[in-house]
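Residue-level listing of the chains:
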Amino acid sequence: MESFGAIRAFLAAVRRRLLRWEAVETVLWALAVLSGLTFAAALVAATFGAERAYLIQRALVSAAALVVAGAVGIGIVLPRRRWRSDAAMARYVGEAAPKVASDLLSVVELERDLASPRFSRELAEALAEDTADRAALLDLDVLVPSAAARRAAGGFGAAAVACTVAVLLFPAAVREGLGRLISPTAPDRVLEAAPVAEPIVGDIKLVLTYPAYTGRPPLVVPVASGDILAPRGTAVALETTALRPAAAAHMIFDQGPPLAMKVDGKVLRSSFAVDKPAQFRFLLTPIEGRGVVEAERHRVDVEPDRPPKVELLAPADELDVSSRRRVELAYSVDDDYGIGEIALVWQSADKEERLPLPRPRGRSVQAKFFWDLSEATLKPGTRTPYWLEAKDNDDVGGPNVGKSRTFYLRVFSAAERHGEVIERQQALLEEALAVLAGRLESDGAPAELHGELERLVMDLGALVTLVSQDALAPKGLKAVLESMSERLVKMSREEQTLLGKPGKDIDKRVVAEVERDALELDDWIQRQRMEELLALSDEIRQHKERLKDLLEQYQRAPSERARQEIEREIRAIEQRIAQLEAKMAKLGSEVADKFMNAEAMASDSTRECFAKVRELVAKGDIAGAQKQLEQCSQMADRQAAAMEAGLRGLRGERFSEEEKALGDLMGEIGDLERDQRRVAGDAADVFDRYKEKAAEAAKNAQSPQREKAKKTLEKLKKEVGEIPKEGLTPFSQEELEALKKRVENVEHMLDEGDIAEALAMAKQAQDGLRVMGADIEDDLADEHPWSPRTWEAQDKVGKAQPLASELVDDLKQALPKATDLMGADDRQKMNELRRRQQQLLRRLQELMQKAKKGARDLPGTAGEAAQKGLGEAGEKMGRAGERFGAPDPLGARDEAQGAADK
């Protein structure tokens, strides 16, 4: 009996597989037919119009129902009926496997007669067992192949490809047809209505309520044809009169459902929103009888909302700039409704960066701004595209974006290029060490070791070229590298000759030469890295001084622009500190441990210190920020001193006598500078006390010189205001902005009665005009001025200069005499500062003599440069000594500070 059960299980497995494949085949063919019918119906609906879409939809639904019913009957119901008996399945298997056909069918028929056998039961069971064993060897994949199902899948795939091609060739028609099939116009609205050529409604009144972003008031059109042109999102209120009796009225759109109108007697009303282009007709339905529909259609068109028109004005299409420069750009934006966001966009590496600009009010704007390249991540040497981008205020369909034409700039940074050259030197050093290691360990064939030497020689030659093009490369480095290259080239040639002779090996002298060159190159690299640190430290000092001035200006006259400038300077300091940390990390550990003061060089505390300045400014505590800045300045000064001492130590231990002599001289000059700054600081303290007393005295007395200074200031302010900015170079444009600020500060100080500070500001304005005048002369010298208005700018600057000088003279006369206001302590302090200044002047003169006598011992023209710089500083020291003796606190402070800077 087990054999009979095995045969039943075998036939059941064949039945399941057969039913599954027949169902899959039928479903795939049905899907192919349905997809073809759907896309064919869509194309027909698009061709014959919306009126026929309803009939086409019904025909499609009927055809789809027939296809689905046929598929269920053919693929599911009929196979189950056909193959429900084991005898039918035995015959099917017998057709596929003739060797078991007779026995399999016999076993199935014999099983029914086992209850009352008319044959030997033992023979029947033996036949069943033998047949079961042979059936078990049959492959179901052969008995029930999937070929028919694969053909059906191919048919469905072909139908899908045909539909895809139809979408690609006729996208609009397919989209329109599918839309009509999904929401067809009801037949009782159009198909049952009689089209008429004559009007069925009277004059049409329109009320157009435009979207808020357009800023347009509602528009009432008392008499219209029915055609509508409006921006997307416009609300349309329509009113007309029925010329025929109407129990109901509709607006029938070619796409979408009909819109019912409110019927009030003969007056018909409706409302809708403009979303996309459309066409519609009026349909009137009487109480009895057939309705009428217009034959002619009315149009609804979307009024285009064009993107903003954007124009960017740059100094040049292709601009070469420094990474620390601020580029002035001008722009104009115009839109039909209103402007949203405006941003300067540039491509940096693999991403776009944006600088948001102030959002204007209204439909147009013209403005200028400075693009601070120090705050943009621009890689030096790369050609960076940039443009202006503006969005309108469309909040219905989404903002439209307008772009200016694209400009390009190429960033040049001598410091960053110098850093790249140092990294190339570092790479060459590592290559030299690899060559040295290979020869000491003798782990390569002579030919391979010689090949490494040749590559080193080639890379060394390329480095010589880079160093010769590096403006910041130290003097003497090129000669050192050239000497290395000549020696290694000679050794490489000699070694090549040795390798060509039998029994010869690599040249042993190369090891000593490469070792010596590697040590010397490492010294030069460490020296340059320390000089990079000093350069960054100097930049931090300059930004720090600028920040100090800005804080003083902000305390006197707070403004948003001054606050932004303060924030910019703090960001610049933080960037330089980050660069300082990165470059310190590259400094050799031996050099850092031996020549650098780790405690003084700690940059974390410096960074935190300036972060506190930012916090205090944000809180509005400007006095606290100034005190904190003073602490930061002292920390930065200690850091700079540590680096200078480290560089002197490195030079003294590892470099030539010339380098040592230069290091000694620079060390003495650094000491002199610090002492001079102490004198300048003490002079500033005396001036501050004098300034307070002078301001107090000015409040209690009327001075004709002060009133005269105010009148002169008004004239100067007028002349400065008339200087055409577009006639100036970008440098002078920045100077003009600073000049206007200084003039405003003079006015503010005069109103406050602070004559001394007003005089200081007036002197700065005088210097600014002098600088602008010189810049304009340089610009005109090449006969290609920055602008056609440059000559006008020169004339205005020329008229302003004597007024600035007159203002300085007036303020000097208005300022109370120092001898009348200074107490005995301050007069004694001025005499002490005069003596200290004279001592510093004598030290400076001794340094000048030392530089002159030792010029031969200094590298290059270092001796001449030192004499020149010291001479300029000495002139200011001499004038500072005279001002201390006058006494003149303001003049002494300025000259002493100027000497320290020199």
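See above for the structure.
Residues numbered from 1 in each chain as written. Predicted model: local features only at pLDDT ≥ 70, side-chain atom pairs only at ≥ 80, totals over all residues. Heavy atoms only, no water.

What about the overall build of the protein?
Then, number 1: For the protein, the helix and strand inventory stands at 25 helices and 20 strands.
Then, number 2: When burial is assessed residue by residue, the protein has 43% of its 902 residues classed as buried.
Then, number 3: Put simply, of all contacts in the protein between residues at least 6 apart along the chain, 75% involve residues at least 24 apart.
Then, number 4: Carbon and sulfur atoms form 53% of the exposed surface of the protein, whose accessible area is close to 46400 Å². (Helix = DSSP H or I, 4+ residues; strand = E, 2+ residues; numbered from the N terminus. Buried < 20%, exposed > 50% of the residue type's maximum accessible area, 1.4 Å probe, protein only. Contact = heavy atoms within 4.5 Å. Areas by Shrake-Rupley, 256 points an atom, 1.4 Å probe, with all protein chains shown as cover.)

So, the packing of aromatic side chains
Then, number 1: Counting across every chain of the model gives 8 aromatic pairs.
Then, number 2: Relative to Tyr337, the ring of Tyr213 has its centre 5.7 Å away and its plane inclined at 90°; by these criteria the two rings are edge-to-face. Taken together, the positions of Tyr213 in the loop between strand 2 (204–209) and strand 3 (219–224) and Tyr337 in the loop between strand 14 (326–334) and strand 15 (339–348) put the pair 124 residues apart, joining distant regions of the chain.
Then, number 3: Since its relative accessible area comes to 7%, Tyr337 is described here as buried.
Then, number 4: In this structure an aromatic cluster arises from ring pairing among Phe253, Phe272, Phe280 and Phe282.
Then, number 5: A cation over a ring is seen here: Arg216 above Tyr210, with NZ or CZ 4.0 Å from the ring centre. (Phe/Tyr/Trp six-rings, centres within 6.5 Å; stacked < 30°, edge-to-face > 60°. Lys NZ or Arg CZ within 6 Å of the ring centre and 35° of its normal.)

Points about the pattern of salt bridges
Then, number 1: In the structure shown here, the tally under the stated rule is 37 salt bridges.
Then, number 2: In this structure, Arg299 engages Asp301 in a salt bridge whose closest nitrogen and oxygen atoms are separated by 3.1 Å.
Then, number 3: Salt-bridge contacts for Glu737 lead to Lys725; the nearest nitrogen and oxygen are separated by 3.2 Å. With Glu737 in helix 19 (residues 730–752) and Lys725 in the loop between helix 18 (704–721) and helix 19, this residue pair connects regions lying 12 residues apart in the sequence. (Salt bridge = Lys/Arg side-chain N within 4 Å of Asp/Glu carboxyl O.)

Overview of helix 11 (residues 477–499)
Then, number 1: Look at helix 11: 33 Å from first C-alpha to last across 23 residues, which is about the 33 Å you get at 1.5 Å a residue.
Then, number 2: Among all positions in helix 11, only Leu477, Val480, Leu481, Met484, Ser485, Leu488, Met491, Ser492 and Glu495 are buried. (Expected span 1.5 Å × (residues − 1).)

A word on empty space enclosed by the protein
Taking a probe equal in size to a water molecule and rolling it over the atoms shows the remaining empty space.
Then, number 1: Tallied over the full model, the rule gives 2 cavities of 30 Å³ or more.
Then, number 2: Taken together, Leu428, Leu429, Ala432, Leu456, Leu460, Met484, Leu488, Val514, Asp517, Ala518 and Leu521 make up the lining of the largest cavity.
Then, number 3: Among the elements of the structure, helix 9 (414–441), helix 10 (446–469), helix 11 and helix 12 (509–556) are those that each provide at least two residues to the lining of the largest cavity.
Then, number 4: Here the lining of the largest cavity gets 4 residues from one element, more than from any other, and that element is helix 12. (1 Å grid on protein atoms, 1.4 Å probe; cavity = no way out; pocket = protein on both sides within 12 Å on 5 of 7 lines; lining within 4 Å. Points joined across faces, edges and corners; volume = space filled by probe spheres on them.)

Some details on the pairing of strand 14
Then, number 1: Burial within strand 14 is extensive, with 8 of its 9 residues counted as buried.
Then, number 2: In this structure, strand 12 (residues 309–313) lies alongside strand 14, joined through 5 bridges in antiparallel fashion. Paired with Glu311 across the two strands is Ser332, which belongs to strand 14.
Then, number 3: Looking at chain direction, strand 14 and strand 17 (residues 364–372) are connected through 9 bridges and run antiparallel. Bridging from a neighbouring strand, Glu328 pairs with Phe370 of strand 17. (Pairing = 2+ DSSP bridges.)

A closer look at the side chain of Gln837
Then, number 1: Turning to its location among the elements, Gln837 is positioned in helix 23 (residues 824–853).
Then, number 2: When its relative accessible area of 1% is taken as the criterion, Gln837 is described as buried.
Then, number 3: Apart from the residues lying within four places of it in its own chain, the contact partners of Gln837 are Gln676, Val679, Met877, Ala880, Gly881, Phe884 and Ala896.

So, the state of the cysteines
Then, number 1: Throughout the structure, instances matching the rule amount to 1 disulfide.
Then, number 2: Sulfur-sulfur distance for the disulfide between Cys609 and Cys632 comes to 2.0 Å. Note on the Cys609 and Cys632 pair: the S-S dihedral is about -100°, so by sign convention the disulfide is left-handed. Separated by 23 residues along the polypeptide, Cys609 in helix 15 (residues 603–619) and Cys632 in helix 16 (residues 622–654) bring together distant segments of the chain.
Then, number 3: Given the relative accessible area of 4%, Cys609 is considered buried. (Disulfide = S-S within 2.5 Å.)

Re the nonpolar core
Within soluble globular proteins, side chains that are nonpolar generally end up buried alongside one another.
Then, number 1: Counting residues in each nonpolar core, the largest one holds 63 residues, and the members touching the most others are Tyr690, Leu716, Leu739, Val746, Leu807, Leu811 and Phe884.
Then, number 2: The element contributing the most residues to this core is helix 20 (residues 755–781), with 12 residues.
Then, number 3: Leu739 has contacts with Val720, Ala765, Leu769 and Met772, leaving out every residue within four places of it along the chain.
Then, number 4: Leu436, Leu456, Val511 and Ile525 belong to the second largest nonpolar core, which has 28 residues in total. (Core = buried A, V, L, I, M, F, W, Y, C linked by side-chain atoms within 4.5 Å.)

Digging into the packing of helix 18 against helix 21 (residues 790–814)
Then, number 1: Look at helix 18 against helix 21: their axes get within 9 Å of each other, and the N-to-C directions meet at 160°. As the angle between them shows, helix 18 and helix 21 are arranged roughly antiparallel. Here helix 18 and helix 21 pass one another in a crossing that is left-handed. Along its contact with helix 18, which presents Gln705, Arg706, Lys708, Ala709, Thr712, Leu713, Lys715, Leu716, Glu719 and Val720, the element helix 21 presents Lys796, Lys799, Ala800, Leu803, Ala804, Glu806, Leu807, Asp810, Leu811, Gln813 and Ala814.
Then, number 2: For the contact of helix 18 with helix 21, the residue count by class is 10 nonpolar, 3 polar and 8 charged. (Axes fitted to C-alpha atoms, helices over the stretch in contact; angles between N-to-C directions. Parallel < 35°, antiparallel > 145°, perpendicular 65-115°, else oblique. Left-handed = near helix turned anticlockwise from the far one by under 90°. Nonpolar A, V, L, I, M, F, W, Y, C, P; charged D, E, K, R; others polar.)

Focus on the environment of Lys478
Then, number 1: Position of Lys478 relative to the elements: it lies in helix 11.
Then, number 2: Along the chain, Lys478 and Val467 lie 11 residues apart, while their C-alpha atoms are 6.2 Å from each other.
Then, number 3: Sequence-distant contacts of Lys478, defined by excluding residues within four places in its chain, comprise Val467 and Ser468.

Description of the pairing of strand 18 (residues 383–392)
Then, number 1: Counting buried positions over the 10 residues of strand 18 gives 8, a clear majority of the element.
Then, number 2: In the sheet, strand 15 pairs with strand 18 via 6 bridges, with the strands oriented antiparallel. Following the sheet pairing, Val345 is matched in strand 18 by Trp387.
Then, number 3: Pairing between strand 18 and strand 19 (residues 401–403): 3 bridges, direction antiparallel. When the sheet's bridge partners are listed, Lys391 is paired in strand 19 with Val401.

Here we look at the environment of Val808
Then, number 1: Tracing the backbone shows Val808 in helix 21.
Then, number 2: Measuring from C-alpha to C-alpha, the distance between Val808 and Ala762 comes to 5.9 Å, with 46 residues separating the pair along the chain.

What to know about the sheet that holds strand 14
Then, number 1: Strand order in the open sheet formed by 3 strands is 12-14-17, with antiparallel pairing between adjacent strands. Two strands lie at the open edges of the sheet, namely strand 12 and strand 17, each paired on one side alone. Shown here is a sheet whose adjacent strand axes are inclined to one another by a mean of 20°, direction ignored.

Structural notes on the side chain of Gln425
Then, number 1: Positionally, Gln425 belongs in helix 9.
Then, number 2: When near neighbours in sequence (up to four residues on either side) are disregarded, Gln425 contacts Leu463, Val467, Leu477, Leu521, Ile525 and Gln528.

Concerning the packing of helix 10 against helix 11
Then, number 1: As a packed pair, helix 10 and helix 11 sit with axes 9 Å apart at the nearest point and diverge in direction by 155°. By the angle between their directions, the pair helix 10 and helix 11 is classed as roughly antiparallel. Here the hand of the crossing between helix 10 and helix 11 comes out left-handed. Of the residues in helix 11, those in contact with Pro446, His450, Leu453, Glu454, Leu456, Val457, Leu460, Leu463, Val464, Val467 and Ser468 of helix 10 are Leu477, Lys478, Leu481, Glu482, Met484, Ser485, Leu488, Val489, Ser492, Glu495, Gln496 and Leu499.
Then, number 2: A per-class count over the contact of helix 10 with helix 11 returns 14 nonpolar, 5 polar and 4 charged.

Here's the deal with a nonpolar patch on the surface
Then, number 1: The grouping of Val68, Val72, Ile76 and Val77 at the surface amounts to a nonpolar patch, some 290 Å² of accessible area in total.
Then, number 2: Mapped onto the elements, Ile76 comes out in helix 2 (residues 53–82). (Patch = residues over 30% accessible without salt bridge, like charges linked within 9 Å, V, L, I, M, F, W, Y side chains within 5 Å.)

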